[in-house]
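Coordinate analysis (summary)
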Amino acid sequence: MPIYKAPTRDTRFVINELLDLQSYGNIPGFEEATPDMVEAIIDGVGKFTSEVIQPLNQTGDDEGCIRHEDGSVTTPTGFKDAYRQYCEAGWGTLSLPVEYGGQGLPHVLGFVLEEYMATANHAFAMYPGLTNGAVSAILATGSQELKEKYVHKMVSGEWLGTMNLTEPHCGTDLGLIKTKAEPQADGSFTISGTKIFISAGENDLAENIIHLVLAKLPGAPEGSKGISLFIVPKFLVNEDGSLGERNAVSCGSIEHKMGIHGNATCVMNYDGAKGWIVGEENKGLAAMFIMMNAARLGVGVQGLGQAEVAYQNAVQYAQDRRQGRAIAGRADPSASADPIIVHPDVRRMLMDAKAYNEGMRALILWGALQVDLSHKAPEEADRLAADDMISLLTPVIKGYGTDKGFDIAVNMQQVFGGHGYIKEWGMEQFVRDSRIAMIYEGTNGVQAMDLCGRKLAANGGRAIQAFFKLVDDEVASAKADAQLEPIASRLEKAVGEQKAATMWFMQNAMANPNHLGAGAHHYMHIMGVVALGLMWLRMAKVAAAKLAEGADDKAFYEAKLVTARYFAERFTPDAGALRRKIEAGADAMMTLSPEQFETAA
């Protein structure tokens with residue numbers, strides 16, 4: 001049976017020591033996040049996810065979801081009761097607005113919940129996972145009437161939210177959608193069309209499901225400029241807030257997937273369903289992007305989650321499994337074989353995982369802090385800078401984070417040898433479940449193009465220049481410390497490679513846009529390496545200071561320093577190779593005709 005123990009010690013390190021959350025007490029919402037409150041949330045969420053959610057993970061994978069003849073869906077055994085406990089504990093309300101029943105706490109703490117949920121049970125976490133994003137979209141663009149009618153019960157968890165974008169004939173190119181919205185005399189619209197790949201589109205966990213649906217009005221402009229956003233509830237809501245009749249929206253089928261079997265991924269049919277417009281006509285894509293950006297950060301968290309749970313199980317196995325002898329001499333002469341954790345190649349895989357997991361956790365929580373600051377920082381300049389930074393980092397957290405998360409899950413399966421291929425150990429489920437994170441909410445190729453095609457050039461390159469300055473300043477400061485200098489120097493070289501790659505794009509992509517497309521994936525990975533490198537430099541600085549102070553938890557801080565050194569030695573050199581791939585350009589990649597890809601008979 002796979003294990004999971006929430007990494008509460010590391011989370012406390014990031015929040016309390018690295019981010020110093022208490023120093024933001026002048027910002028609304030942060031004043032409630034006292035040290036005792038933060039401690040209680042981290043420990044409480046850790047206990048709930050480890051004891052209630054994680055034991056359902058294999059059950060959900062084995063059973064999957066069942067669609068019945070009437071279109072209703074039954075979730076796996078235990079999911080409904082676990083969701084009831086989740087709502088009763090108020091976990092989903094952590095960072096949602098107080099005026100709608102939320103606790104108004106920083107997004108940083110909400111991301112702790114997201115990580116622990118996704119790690120314990122990826123499929124289960126997806127049911128409430130999109131509701132916060134749906135709430136954000138409604139609050140940002142919806143009328144006061146819509147907010148009052150829907151948001152309170154979405155915040156409480158009584159109602160869930162979904163995101164309906166994709167159609168059978170189009171995915172990323174939303175300008176091709178065919179779902180129609182016809183205006184009615186009462187101000188509502190009738191929605192007709194089919195959406196696919198709708199996570200949690202139908203389920204038995206909540207009493208109502210609030211679908212956010214992209215559709216086109218009659219005479220709307222062609223392409224993405226003609227898309228509007230609509231609320232389409234599963235059950236209509238009466239004036240007094242009670243549930244009325246069933247709306248004309250139904251689950252046509254459940255997709256049979258490689259992983260996340262415990263989540264109902266639905267084909268949704270809208271057969272003249274009643275809906276209400278959110279925001280302005282033909283401005284739906286901008287409203288939906290509020291939800292999509294939140295979802296993309298959430299998927300980055302899922303990449304970390306699968307890597308973390310796979311790592312925890314691999315560490316336990318490597319300590320228990322005995323095979324062969326250490327090449328430097330017997331590690332345990334009293335036994336017939338040594339534990340496999342003594343072998344350098346096993347250590348390589350485990351250290352890669354540790355370096356990625358702890359670095360990505362720091363990046364995600366720092367990113368969550370930028371979300372908070374972008375909304376609530378007292379000064380407008382600080383809000384703008386934070387918004388720039390999280391906008392720049394979102395495709396990196398999603399794209400690089402899930403690429404590496406999948407790689408880590410595969411390597412942790414490798415630690416198990418043949419047993420990693422056997423279902424009872426759970427490792428093959430982690431690999432299957434982690435694979436989706438590279439695909440949905442915009443494939444990682446789309447994330448790379450978002451980063452390179454949009455975010456780098458936005459506002460005259462303001463965000464990327466701010467990122468470079470941040471790294472340069474912290475490297476310069478750290479190089480004055482002999483203990484940190486080797487880490488800082490390697491990061492300095494890596495960010496130099498990123499700057500050179502950025503300049504190469506500027507000099508070559510205008511003349512041939514294919515150069516940008518050919519190098520975007522590699523650039524996203526360079527930035528991932530540099531961003532995690534920055535986090536490791538910061539963590540090394542904190543750890544060194546704590547050791548100098550004589551901190552009690554000496555082994556923890558020593559491990560931080562060693563892992564920071566490992567990341568600098570083993571990850572940052574990749575930036576040079578990635579830069580050289582970018583500078584190879586698109587010529588060889590784009591020269592063959594489509595027919596030349598076919599295998600000759």
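Anything mentioned here points back to the structure above.
Residues numbered from 1 in each chain as written. Predicted model: local features only at pLDDT ≥ 70, side-chain atom pairs only at ≥ 80, totals over all residues. Heavy atoms only, no water.

1. Describing the overall build of the protein chain
- For the protein chain, the count of helices and strands is 19 helices and 11 strands.
- In terms of C-alpha radius of gyration, the protein chain reaches 24 Å, essentially the compact-globule figure of 25 Å for 601 residues.
- Dimensions of the protein chain, computed from the C-alpha atoms along their principal axes, are close to 80 × 70 × 60 Å.
- In the protein chain, buried positions account for 56% of the 601 residues.
- For the protein chain, restricting intrachain contacts to residue pairs at least 6 apart in sequence, the fraction spanning at least 24 positions comes to 73%.
- When the accessible surface of the protein chain is split by element, carbon and sulfur atoms take 53% of a total near 24700 Å².
- Mean positive and mean negative side-chain charge positions of the protein chain (54 and 74 charges, respectively) differ by 5 Å. (Helix = DSSP H or I, 4+ residues; strand = E, 2+ residues; numbered from the N terminus. Rg over C-alpha atoms; globule rule 2.2 N^0.38 Å. Buried < 20%, exposed > 50% of the residue type's maximum accessible area, 1.4 Å probe, protein only. Contact = heavy atoms within 4.5 Å. Areas by Shrake-Rupley, 256 points an atom, 1.4 Å probe, with all protein chains shown as cover. Lys, Arg positive; Asp, Glu negative; His and termini not counted. Charge placed at Lys NZ, Arg CZ, Asp CG, Glu CD.)

2. Considering the pattern of salt bridges
- Per the counting criterion, the structure on display carries 37 salt bridges.
- We note a salt bridge from Arg12 to Glu39, for which the minimum N-O separation is 3.8 Å. Of the two residues, Arg12 is situated in helix 1 (residues 8-18) and Glu39 in helix 2 (residues 35-53); the sequence distance between them amounts to 27 residues.
- Here Glu558 ties to Lys554 by a salt bridge, and the two come within 3.8 Å at their closest N and O atoms. Placement of both Glu558 and Lys554 in helix 17 (residues 554-570) is noted, with a separation of four residues, approximately one turn of the helix. (Salt bridge = Lys/Arg side-chain N within 4 Å of Asp/Glu carboxyl O.)

3. Some remarks on the packing of helix 2 against helix 5 (residues 107-120)
- Relative to each other, helix 2 and helix 5 sit at 15°, their axes nearing to 9 Å. Taken together, helix 2 and helix 5 sit at an angle that is classed as roughly parallel. You can see that helix 2 and helix 5 cross each other, and the crossing is right-handed. The segment helix 2 lies against helix 5, with Val38, Ile41, Ile42, Val45, Gly46, Phe48, Thr49 and Ile53 engaging Leu109, Val112, Leu113, Tyr116, Met117 and Ala120.
- Class assignment of the residues belonging to the contact of helix 2 with helix 5 gives a composition of 12 nonpolar, two polar and no charged. (Axes fitted to C-alpha atoms, helices over the stretch in contact; angles between N-to-C directions. Parallel < 35°, antiparallel > 145°, perpendicular 65-115°, else oblique. Left-handed = near helix turned anticlockwise from the far one by under 90°. Nonpolar A, V, L, I, M, F, W, Y, C, P; charged D, E, K, R; others polar.)

4. Some points on the packing of aromatic side chains
- According to the stated counting rule, one finds 17 aromatic pairs in the structure shown.
- With 6.5 Å between their ring centres and 35° between their planes, Phe48 and Tyr86 make a pair best called tilted. With a gap of 38 residues between them, Phe48 in helix 2 and Tyr86 in helix 4 (residues 79-89) connect regions that are remote in the sequence. Accessibility assignment for this pair places Phe48 and Tyr86 in one class, buried.
- Seen from their ring centres, Tyr83 and Tyr86 are 5.8 Å apart, and the 25° between their planes marks the pair as stacked. Placement of both Tyr83 and Tyr86 in helix 4 is noted, with a separation of three residues, approximately one turn of the helix. (Phe/Tyr/Trp six-rings, centres within 6.5 Å; stacked < 30°, edge-to-face > 60°.)

5. Observations regarding the side chain of Asp332
- Following the sequence through the fold, Asp332 ends up in the loop between helix 9 (284-320) and helix 10 (344-376).
- Polar contacts involving the side chain of Asp332 include one to the side chain of Ser334, which spans 2.5 Å. (Polar contact = N/O pair within 3.5 Å; in protein donor to acceptor, adjacent residues only side chain to side chain.)

6. Section: the environment of Asp204
- With respect to the element layout, Asp204 can be found in the loop between strand 5 (189-199) and strand 6 (208-215).
- With 129 residues separating them along the chain, Asp204 and Thr75 place their C-alpha atoms 6.5 Å apart.

7. Observations concerning unusual backbone geometry
- Here Asp20, not a glycine, exhibits a phi torsion of approximately 50°, which is positive.
- The residue Phe197 is not glycine, and still its phi comes out positive at about 60°.
- Along the chain, Phe197 falls in strand 5.

8. A few points about a nonpolar patch on the surface
- Together, Tyr421, Ile422 and Trp425 give the surface a local cluster of nonpolar side chains, amounting to about 350 Å² of exposed area.
- When you line up the elements, Ile422 lands in the loop between helix 11 (380-415) and helix 12 (427-435). (Patch = residues over 30% accessible without salt bridge, like charges linked within 9 Å, V, L, I, M, F, W, Y side chains within 5 Å.)

9. Some details on the pairing of strand 6
- For strand 6, the tally of buried residues reaches eight of eight residues, placing the bulk of the element in the interior.
- On strand 6, burial covers both faces: Asn208, Ile210, Leu212 and Leu214 on one face and Ile209, His211, Val213 and Ala215 on the other are all buried.
- In this structure, strand 3 (residues 159-164) lies alongside strand 6, joined through six bridges in parallel fashion. For Gly161, the partnering residue across the bridge sits in strand 6 and is Ile210. (Pairing = 2+ DSSP bridges.)

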